[in-house]
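Residue-level structural notes
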Amino acid sequence: MRVKTSVVVLLVVILFTACSQKSEEVDITLTKEERAKIESVDSLEDILQLQETITLKHVAEGARFSLVPYGDYIAATRLKNGDFTVHLWNRKGDYLGQVGEVGKGPGEYMAPLEPAFIGKDSFVVFDRALATMSLYKVENGKIVFIDQENRNELFDAYVDTMFARNGKLYMISYSGPEGSYRVYTLNNELKLIKKSLRRKYVPQIAFLTTTLGNKSFYICEDYAENWEMYRPVVYEIGFSGKVLRTITIPHKDLSNIHLDKSQKVFLSMSTKNSFEQKSPKTYYLYDVNGKPLHEFTGFEPVESVGGSLQSHDSTLLFMEKPNRAGEAKLYIYELNIGLEPLGGR
């Protein structure tokens, strides 16, 4: 009798925990004036504030870039002629050089991710083909290789992007077989300490849809071959690596997601017309509980190479096509609708 009672109690606890994870909502208060601001948005220019314009030097024409700003640096992976390479600029746009080389030796890589800065001047590059983690440092404007370690425990992780926060490294997967994990948390010694968000589907398309908040980050559900998510949900992950919430949204056709500066609202672009440069794009605004707030169409503020580039916070990046001198302007915008911060100032 005691065993049956214990089993029943355990099942009740499990069901309660699962239900609370899905149904718990963030307490959001949008004033009448804030709702009016949201509903009046007609274009990206209404909600994007230009923060910085950087002229990057030594930019290769015809290459595909994935850039991320980190403090004093702009880091990028570049695909050209079938090879991925890693590059670094300072905040003035001066080219500091290529990071490492293509190969299988120390400080080399075959399929590198964008660097993640784990210190003011130190950063790591993960090679998802060889499962190696290489540590570099910028000293007197020069890139110096420090060390390389094998990470066999991440060999089948299918990691697509990563970022550092609060002394930890977070590696995110957008591809991989059913049952694999989507979030890998490493400690300050770059040792794997947690795997979370087990994959329920086999993704057919790897969209890098991650956005960071002050206390958590968000990633979208895996994508099917029809350019839509298998389920219309966004996951909130705490910086402990724990899945905090499964947020249901009204659309499956999201190609990216950005958190507004207030931490109250998401901006997402639809996959409809997302690859047609001359067609207006469709954008959605949701609150962080997934409730639809507004929808509008428009063009990106800059005719960018490959559209908006990757960022992990409320910034959006656009880079123009390089000129004959190999210079390209990088525009850094902040997504700011003008709302009061979540939880007050």
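Residues numbered from 1 in each chain as written. Predicted model: local features only at pLDDT ≥ 70, side-chain atom pairs only at ≥ 80, totals over all residues. Heavy atoms only, no water.

1. Re the overall build of the protein
If you tally the helices and strands in the protein, you get two helices and 25 strands. Looking at the 345 residues of the protein, the share that counts as buried comes to 51%. Intrachain contacts of the protein at a sequence separation of at least 6 include 47% that bridge at least 24 residues. As presented, the protein carries roughly 16800 Å² of accessible surface, and 50% of it is formed by carbon and sulfur atoms. (Helix = DSSP H or I, 4+ residues; strand = E, 2+ residues; numbered from the N terminus. Buried < 20%, exposed > 50% of the residue type's maximum accessible area, 1.4 Å probe, protein only. Contact = heavy atoms within 4.5 Å. Areas by Shrake-Rupley, 256 points an atom, 1.4 Å probe, with all protein chains shown as cover.)

2. Some remarks on unusual backbone geometry
Even without glycine at this site, H58 takes up a positive phi of about 60 degrees. Turning to its location among the elements, H58 is positioned in the loop between β1 (48-56) and β2 (64-70). Even without a glycine there, the phi angle at N166 is positive, about 55 degrees. Checked against the element boundaries, N166 lands in the loop between β12 (159-165) and β13 (168-173). Taking the relative accessible area as the measure of exposure, N166 reaches 57% and is therefore exposed.

3. Overview of the nonpolar core
It is characteristic of soluble globular proteins that their nonpolar side chains tend to be buried jointly. Core analysis: the largest hydrophobic core is formed by 38 residues, its most contacted members being I38, I47, L254, L267, L285 and F296. Residues in contact with F296, not counting those within four places in the same chain, are V41, D42, S43, L44, I47, L267, K281, T282, Y283 and L285. Y70, Y109, M133 and M171 belong to the second-largest nonpolar core, a separate cluster that totals 28 residues. (Core = buried A, V, L, I, M, F, W, Y, C linked by side-chain atoms within 4.5 Å.)

4. Thoughts on the pairing of strand β18 (residues 233-238)
Here β18 lies mainly inside the structure; six of its six residues are buried. As judged from the five bridges shared by strand β17 (residues 216-220) and β18, these two strands associate in the antiparallel manner. Its bridge partner being in β18, S216 is matched across the sheet by G238. Where β18 folds back onto strand β19 (residues 243-248) in an antiparallel hairpin, the turn is made up of four residues, including G241, whose phi is positive at roughly 95 degrees. (Pairing = 2+ DSSP bridges.)

5. Section: the sheet that holds strand β8 (residues 116-117)
Within the open sheet, the four strands sit side by side as β8-β9-β10-β11. Their pairing is antiparallel. Edge positions in the sheet fall to β8 and β11 (142-150), since each of these pairs with one other strand and no more. Sheet analysis places strand β10 (residues 132-139) next to β11, joined by eight bridges and oriented antiparallel. In the sheet register, V138 faces β11, and the bridge partner there is I143.

6. Section: the sheet that holds β18
With antiparallel pairing, four strands are arranged side by side in an open sheet as β16-β17-β18-β19. Looking at which strands have only one partner, the edges of the open sheet turn out to be β16 (210-212) and β19. Between one strand axis and the next, the sheet turns by 20 degrees as a mean value, whatever way the strands run. (Axes fitted to C-alpha atoms, helices over the stretch in contact; angles between N-to-C directions.)

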